[in-house]
Amino acid sequence: MATNGNGDFSFSNTAAPPPGAGTARNGLTKIQTTANGGGGGGGSKKQSPICHDDSATPVKAQTIDELHSLQKKRSAPTTPNTGVQGSFSPVSEEARQKQQLQSISASLASLTRETGPRVVRGDPARKSETPKPSQDASHYFTPAFAASDSALKFTHVLYNLSPAELYEQAIKYEKGSYITSSGALATLSGAKTGRSPRDKRVVKDETTEDELWWGKGSPNIEMDEQTFLVNRERAVDYLNSLDKVFVNDQFLNWDPVNQIKVRIVSARAYHSLFMHNMCIRPTPEELENFGTPDFTIYNAGQFPCNRYTHYMTSSTSIDLNLARREMVILGTQYAGEMKKGLFSVMHYLMPKRQILSLHSGCNMGKDGDVALFFGLSGTGKTTLSTDHNRYLIGDDEHCWSENGVSNIEGGCYAKCIDLSREKEPDIWNAIKFGTVVENVVFEEHTREVDYSDKSVTENTRAAYPIEYIPNAKIPCVGPHPKNVILLACDAFGVLPPVSKLSLAQTMYHFISGYTALVAGTEEGVKEPRATFSACFGAAFIMLHPTKYAAMLAEKMQKHGATGWLVNTGWSGGSYGSGNRIKLPYTRRIIDAIHSGSLLEASYKKTEVFGLEIPTEVEGVPSEILDPVNTWSDKKAYNDTLLKLAELFKNNFVTFTDYKIGEDSKMTEEILAAGPIC
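Quick caveat: nothing in here was measured; it's all calculated off a predicted structure.

A few points about the overall build of the protein
Each helix and strand counted, the protein has 15 helices and 33 strands in total. Within the protein, buried positions represent 53% of all 677 residues. Nonlocal contacts in the protein, meaning residues at least 24 apart in sequence, comprise 72% of its contacts between residues at least 6 apart. Working note: accessible area of the protein is about 31,200 Å², and carbon and sulfur atoms make up 51% of it.

And the structure:
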């Protein structure tokens, strides 16, 4: 074959093949091609429009494993460690990994035995990467006289893996892990599809005995130090017995001055990805200098506690030791236990620094006006704080310091039941690659999620990084709040859609924390029921509610914030007979609060609760603003109103023995702000 003057290919009927041409398997001469006129006599160099030469130098790999190894580019630190001699003497990758492993090894150390697994980095499934024992690795556990077989094994640490790596681990090794059509990772949390607050324990010692809230109404169920160590040993033994564990080193609180370093040691890729999303993700430079964490979680997941251990009431136990700065999880794989466990820790640590920790959503207008949204699950806190017309600072956990507000977390944890693109577009669009969706049901072939399906649980959830919300404010900090909005999902249907509160009323309703507990939020809850949760987060607070209320009152007074009570629950009747207040109406009310127009409205006072309610809100039917108008049976309304008022009064008896401030004046004002019946 040769090329003609135009560089096109032509074929000749040469009897003998040219040297090196070879023979095709059918005995015919192999066709040789020479592009760009290479075989012709001085033809054009123009590239052939028909054939292109895609040949390249062969890869230098002898096996498929060698070829795969060429796919991955090794990561390297971009900045040297502090304290390194000379600006051109960065710490080596080997030394940096050794420092990390020393810290992780100390975290996983047994308190009662001298020996244990040797901690190394890497995935044990990649046999070529399994390291051999190092002679000078002093941080490894070395066999002692009575060494057990556990001293002969490695515990492989998968350290701060990326979402893509965690997807691979989950899909390959964890049953029930799938990629949905939107790119999210669908997982199952096992038998527990909600938190288990009755199985949560806090170590009661000389310090916490006086500092924490104990007794009636308190979420803090005591355990002793020895029992905690027994459970810690059980969790650590289980984690050390595994071929691999996942370790996340991350931060809490976007305020750099008051940031907390946390380490999460877990058995599942799902848990690691969940916490990767929910905590603040360190930069590579921050990770190099991370050092020893301020708090550590040992999540043994499905491995149960010993039910015969003192203080245990089931095979599930979630244990906090504030002195050791450690948390142990046994017998539940529900990831929300880690998130809320750390929130409890912040409720203890932050007030010690005169910083108010808040179970609230938070957003900011374009003019810098900040609003706090308090409310339990199902009240609309995540939905209402996620507003595409405002910047999202956070959806669930915040701190209020002298500098303003800051988000505790690096992600959002949204309920997915009945989620739709039309009603909640920002949350819908955030469920993409990197997001974890828990216990959802999807179509087998297309992997399309059916968010209305409650087959597994009604408490379906999505955990995603906050930057997945397009209007998230990064960093997640803002000035002092202008509005404090208390959300209640009133199952009785007698609270107004919106009420303006005095400072004393704000404290009363903040301490009361009334709402309806939505089905599926906690283990064993099948139907909504009226409940009171102090500070809108009693399950997580550590100090007495009045201490948080006093801090909130002081900050609201100092910075001129207005309190509001917004009912996102029922109207025209109780749950089962009335209808839930339409979300568009609630949004118009919230918009009026943000704009300041609601402050200028005309108000009238309701009976019994003495709430100031507006007579008109733009975009909202005026007749629903006073709930009595929506009930056809007025006697039933009055009876229900008095019933709810009595529940409020009975609940508040728990808090009347605590004085707020130097005298009891504010306590008396708060009591007077409650319902009169």
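Okay, back to it.
Observations concerning unusual backbone geometry
The peptide bond linking Ile474 to Pro475 adopts the cis configuration, its omega dihedral lying at 0 degrees. Its location among the elements puts Pro475 in the loop between strand S23 (461-465) and strand S24 (477-478). Its identity as a non-glycine residue notwithstanding, Asn253 has a phi of 85 degrees, on the positive side. Looking at the secondary structure, you find Asn253 in the loop between strand S9 (244-252) and strand S10 (260-266). Positive phi outside glycine occurs at Cys535, with the angle close to 60 degrees. A relative accessible area of 4% means that Cys535 is categorised as buried.

Observations concerning the pattern of salt bridges
For the structure shown, the criterion picks out 19 salt bridges. Residue Asp369 is joined to Arg390 by a salt bridge in which the shortest nitrogen-to-oxygen separation is 3.0 Å. Here Asp369, found in the loop between strand S14 (356-364) and strand S15 (370-374), pairs with Arg390, found in the loop between helix H9 (381-385) and strand S16 (391-394); they are 21 residues apart in sequence, far enough to count as distant. We note that Asp369, like Arg390, is buried. For Asp639, the salt bridge identified is with Lys635, shortest N-O distance 2.9 Å. Residue Asp639 and its partner Lys635 are located together in helix H14 (residues 634-652), separated by 4 residues, close to a single helical turn.

Topic: the packing of aromatic side chains
Summed over the entire model, instances satisfying the criterion amount to 19 aromatic pairs. When the centroid spacing of 5.8 Å and the interplanar angle of 45 degrees are considered together, the rings of Phe343 and Phe540 count as tilted. Residue Phe343 is found in helix H8 (residues 336-349), and its partner Phe540 is found in the loop between strand S28 (529-532) and helix H12 (545-559); the two are separated by 197 residues along the sequence. Phe540 shares its class with Phe343; the two are buried. Note on Tyr514 and Phe532: the rings are 5.5 Å apart at their centroids and 45 degrees apart in plane angle, and the pair reads as tilted. Taken together, the residues span a long stretch of sequence, with Tyr514 in strand S27 (residues 514-517) and Phe532 in strand S28 at a distance of 18 residues. For Tyr514, a relative accessible area of 3% gives the class buried. One aromatic cluster is present, formed by Trp213, Tyr508, Tyr514, Phe532, Phe609, Phe648, Phe652 and Phe655 through successive ring pairs. Over the face of the ring belonging to Phe540 we find Lys340, whose NZ or CZ atom lies 4.5 Å from the ring centre.

Looking at the packing of helix H11 (residues 503-512) against H14
A pair of packed helices is characterised by two quantities: the angle between their axes and the separation of those axes. Running from amino to carboxyl end, H11 crosses H14 at an angle of 80 degrees, the nearest separation of the two axes being 10 Å. Put simply, H11 runs roughly perpendicular to H14. For the pair H11 and H14, the contacting residues are Tyr508, His509, Ile511 and Ser512 in the first and Phe648, Lys649, Asn651 and Phe652 in the second. Its residues assigned to classes, the contact of H11 with H14 comprises 4 nonpolar, 3 polar and 1 charged.

A closer look at the pairing of strand S29 (residues 562-567)
The element S29 is largely enclosed, with a buried count of 6 among its 6 residues. Of the two faces of S29, the one holding Thr562, Trp564 and Val566 and the one holding Gly563, Leu565 and Asn567 are both buried throughout. Sheet topology places strand S25 (residues 481-488) next to S29; 6 bridges connect them, and they run parallel. Residue pairing across strands places Leu487 opposite Val566, the latter belonging to S29. Here 4 bridges tie strand S26 (residues 498-501) to S29, and the two strands are oriented antiparallel to one another. Looking at S29, one finds that Val498 is bridged to Val566.

What about helix H6 (residues 269-278)?
An α-helical segment advances 3.6 residues per turn. Residues three or four places apart therefore align on the same side. Along H6, 10 of the 10 residues are buried, which leaves the element largely enclosed by surrounding structure. Every buried residue of H6 is accounted for by Ala269, Tyr270, His271, Ser272, Leu273, Phe274, Met275, His276, Asn277 and Met278.

Some words on the confidence of the model for the protein
Looking at the protein as a whole, the pLDDT averages 85, with 81% of positions reaching at least 70. Contacts for the low-pLDDT stretch residues 33-50, under 50 throughout, to residues beyond four places or in other chains number 22 contacts. When the criterion is pLDDT under 50, residues 132-145 qualifies, and its contacts beyond four places in sequence or with other chains add up to 25 contacts.

The rules behind the values
Residues numbered from 1 in each chain as written. Predicted model: local features only at pLDDT ≥ 70, side-chain atom pairs only at ≥ 80, totals over all residues. Heavy atoms only, no water. Helix = DSSP H or I, 4+ residues; strand = E, 2+ residues; numbered from the N terminus. Buried < 20%, exposed > 50% of the residue type's maximum accessible area, 1.4 Å probe, protein only. Contact = heavy atoms within 4.5 Å. Areas by Shrake-Rupley, 256 points an atom, 1.4 Å probe, with all protein chains shown as cover. Salt bridge = Lys/Arg side-chain N within 4 Å of Asp/Glu carboxyl O. Phe/Tyr/Trp six-rings, centres within 6.5 Å; stacked < 30°, edge-to-face > 60°. Lys NZ or Arg CZ within 6 Å of the ring centre and 35° of its normal. Axes fitted to C-alpha atoms, helices over the stretch in contact; angles between N-to-C directions. Parallel < 35°, antiparallel > 145°, perpendicular 65-115°, else oblique. Nonpolar A, V, L, I, M, F, W, Y, C, P; charged D, E, K, R; others polar. Pairing = 2+ DSSP bridges. pLDDT = per-residue confidence, 0-100.

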